[in-house]
Each structure stands twice: as structure tokens, then as C-alpha cells.
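Close look at the chain arrangement
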Amino acid sequence: MKRTVLITGTSSGLGKTAAKYFAGRGWNVVATMRAPEKESELAALEDVLVTRLDVVDRASIEAAIAGGIARFGKIDAVVNNAGFGLFGVFESISRQKCQEQFDINVFGVMDVTRAILPHFRKNKGGLIINVSSGAGVFTLPMLSLYCASKFALEGFSEALSYELASQNIVVKIVEPGGVLSTNFGKRSGAEAAQNNSPADYDDFVAGANAIFASLRGQRLATEEDVAKVIFDAATDGTNRLRYVATEDIQPLVKARRETSEEQYIELMRSRYMAKK
């Protein structure tokens, strides 16, 4: 029997690529997005249901899950992919934007997860894959709100994995770094353009932007590379918790997880703090 996955945020980027990747490998796909009426490519694929789901609209979450079950009989896996990143100096970001960052990246994931759990428990099993980020492992300046949301997602996912193991429900985390061709950077840039940092930060911002520009030049991973890692996580039959999805973040992940606190902090300060 074909398995079914529900994926959030499939209108573009990684979510859309993941939907096509799963569909191309024999899965039924519930491809969800805020404006499904604008999507034609996924709708043309066999055994793909394109439907509305806005992670900040709980009624749409319930409707998308019900629609997926009605179409395919059951849902075996959920990929919580929808999200965005605020970029800029914290002092310049409004409280409203801070709330939006957590509403989408954290509370949206929680609401989708809460909504699918009764179905998974009824079926005596299920799989939840939460798309985190390297910024959920290590922190970067100018990304304080995004890092905070992904750190929260990591903590939630790990703790939840212990609870749900009792119900034969597996939770996994996929951690991408820089990915070519996604709209993530474009949206982050647009968000940053709306923030006016105090002039006192000008030198720091210029230095940080130069570092980020060099990092962007090193990004080699594609959306399909990350989609493959998500698919592998869904099909490897293990209860492994974390998957680092792109090579560019491996050094910082290693520094955070395998060196001392002092070594890690010194490394980050040497990169991002001006010498005095």
C-alpha cells in the first residue's frame, strides 16, 4: 500500500521540491500551502493533493489533514517545512515581527503536530519530520530571532520524541544550511530591508554582511539534496533523531557538538566580534 506524506510550505523552494521528490518515488503527497489556487505544477502530478494550509490558521490545518485522509485513506508522515527567517539587528525588529517569527516557525509546527497526533495514535504509529536549520544548532549574529525559533523547535522536537515513542510515533529533525535557489534568502532580505538599525551598528552590520556574502558564495547544496535527506529520514526505518542535511554547516555543527564550550565561543567570537 502506498504511503502518504503531508508537507507544509510547498508553494516554492524546499517544500515544493520535497513534494515532487516524494511523489516521484511512489508516495501519495498532500502538498499544502497558503494559496493553492496559484499552484499548477504539483496539481498535475499523479496522487498529489494540493490543498490550503496556513500554519497560523488552525481551521485550515484541520481541514487539510481531513482532506488528505479523505483522499488517501490515511497519513503516514508529516513534514513540517513551512517557515521563514528574520534578518537584522535585534534592536531594530518590532515585537510584532518577533511574534510572527514564533507564530510560524514554532507555534505553527506545534499546531500541525497537535492536529495530526490523534490520527497517528489511532493508526498505532506515524512519523513527524521537523525541518530545522543549522541556526538551530549554532547561533549567528543578525539572525537572533530565527535562531531563537529554531532552537525552540529543536528542544520541542527532542522532548516530543521521548513522549511519542510510547505511541510508536517517531520524531526526526532535518538541519539544512545554505541552499541554492530557495526563496528563503529573498524573504530574509526583504524583511531586513524593513528594519532600520541604529547607526551605532553600522560597522558591525557591514562586517557581518561581508561574512555572510562569503558564506553564500560557498553554498553548494541544492533543494533536491535536502529533499533527499528528508526522504531518507522518512524511509530509513530508524529512530535516529537528527540529520545534518548540507555539508557547509558541518564544521560549525562539529564545533558546537564536539568541542568544549570555551573553544566554541572563542571560534564564534573570532568570526563575528570586532577585535579591540
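Refer to the preceding data block for the structure.
Bear in mind the structure is a predicted one, so any value in this text is a computation, not a measurement.

Definitions and limits used
Residues numbered from 1 in each chain as written. Predicted model: local features only at pLDDT ≥ 70, side-chain atom pairs only at ≥ 80, totals over all residues. Heavy atoms only, no water. Helix = DSSP H or I, 4+ residues; strand = E, 2+ residues; numbered from the N terminus. Polar contact = N/O pair within 3.5 Å; in protein donor to acceptor, adjacent residues only side chain to side chain. Contact = heavy atoms within 4.5 Å. Pairing = 2+ DSSP bridges. Axes fitted to C-alpha atoms, helices over the stretch in contact; angles between N-to-C directions. Salt bridge = Lys/Arg side-chain N within 4 Å of Asp/Glu carboxyl O. Buried < 20%, exposed > 50% of the residue type's maximum accessible area, 1.4 Å probe, protein only. Parallel < 35°, antiparallel > 145°, perpendicular 65-115°, else oblique. Left-handed = near helix turned anticlockwise from the far one by under 90°. Expected span 1.5 Å × (residues − 1). Bend = angle between axes of the 7 residues up to and from the residue. Right-handed = clockwise from strand over helix to strand, strands pointing away.

**Some remarks on the side chain of Asp 76**
Note that Asp 76 resides in the loop between α2 (58-72) and β4 (77-80). At a separation of 2.8 Å, a polar atom in the side chain of Asp 76 contacts the main-chain amide nitrogen of Thr 4. Engagement of the side chain of Asp 76 in a polar contact is seen with the side chain of Lys 74, the distance being 3.2 Å. Other than its neighbours up to four places away in sequence, Asp 76 contacts Lys 2, Arg 3, Thr 4, Phe 120, Gly 126 and Leu 127.

**Quick look at the sheet that holds strand β6 (residues 169-175)**
Read across the sheet, seven strands follow the order β3-β2-β1-β4-β5-β6-β7 without closing on themselves; strand pairing throughout is parallel. Since the sheet does not close on itself, it has two edges, and those belong to β3 (48-52) and β7 (242-244), each with one partner. For this sheet, the mean inter-axis angle between neighbouring strands, taken without regard to orientation, is 20 degrees. Summarising the sheet, strand β1 (residues 4-7) and β4 pair through three bridges and their orientation is parallel. Paired with Leu 6 across the strands is Val 78, a residue of β4. Set on the sheet, helix α1 (residues 13-23) makes contact with β1, β2 (28-33), β3 and β5 (126-131); between it and β1 the angle comes to about 170 degrees. Relative to the sheet, helix α7 (residues 223-235) contacts β4, β5, β6 and β7, its axis offset from that of β5 by approximately 155 degrees.

**Considerations on the pattern of salt bridges**
For side chains bearing opposite charge, pairing can occur when the charged atoms are close. One pass over the structure, following the stated rule, counts 16 salt bridges. A salt bridge links Lys 20 to Glu 41, with the nearest nitrogen and oxygen atoms 3.1 Å apart. Residue Lys 20 is found in helix α1, and its partner Glu 41 is found in the loop between β2 and β3; the two are separated by 21 residues along the sequence. When its relative accessible area of 33% is taken as the criterion, Lys 20 is described as partly exposed.

**Here's the deal with the packing of α1 against α7**
Two measures define how a pair of helices packs: the angle their axes make with one another and the distance between the axes. Relative orientation of the contacting elements α1 and α7 amounts to 55 degrees, with a least axis distance of 9 Å. The angle between α1 and α7 places the two elements in the oblique class. Where α1 crosses over α7, the handedness of that crossing is right-handed. Residue-level contacts link Gly 13, Leu 14, Thr 17, Ala 18, Tyr 21 and Phe 22 of α1 to Glu 223, Glu 224, Val 226, Ala 227, Lys 228, Ile 230, Phe 231 and Ala 234 of α7.

**A look at the environment of Val 48**
Tracing the chain through its elements places Val 48 in strand β3. Remark: the alpha-carbon pair of Val 48 and Ala 31, spanning 17 residues in sequence, is separated by 6.7 Å.

**Regarding helix α3 (residues 95-122)**
A rise of 1.5 Å per residue sets the reference length of α3, with its 28 residues, at 40 Å; its end C-alpha atoms lie 40 Å apart and thus fit the reference within 8%. The sharpest bend along α3 reaches about 40 degrees and sits at Asp 103. Phi turns positive, to about 60 degrees, at Lys 124, one or two residues after α3.

**Brief notes about the pairing of β5**
Burial analysis of β5 places six of its six residues in the buried class, the great majority of the element. What you see with β5 is no split at all: Gly 126, Ile 128 and Asn 130 on one side and Leu 127, Ile 129 and Val 131 on the other are buried throughout. In this structure, β4 lies alongside β5, joined through four bridges in parallel fashion. Its bridge partner being in β5, Ala 77 is matched across the sheet by Leu 127. Handedness of the β4-α3-β5 crossover: right-handed.

**Here's the deal with the side chain of Asp 111**
Turning to its location among the elements, Asp 111 is positioned in helix α3. The class of Asp 111 is buried, set by a relative accessible area of 17%. Setting aside chain neighbours within four positions, we find Asp 111 in contact with Val 55, Arg 58 and Ile 61.

**Regarding unusual backbone geometry**
Its identity as a non-glycine residue notwithstanding, Met 142 has a phi of 75 degrees, on the positive side. By the secondary structure assignment, Met 142 is in the loop between β5 and α4 (144-164). Look at Met 142 and you get buried, because its relative accessible area is 8%. Backbone geometry places Asn 168, a non-glycine residue, at a positive phi of 60 degrees. With respect to the helices, strands and loops of the structure, Asn 168 is situated in the loop between α4 and β6.

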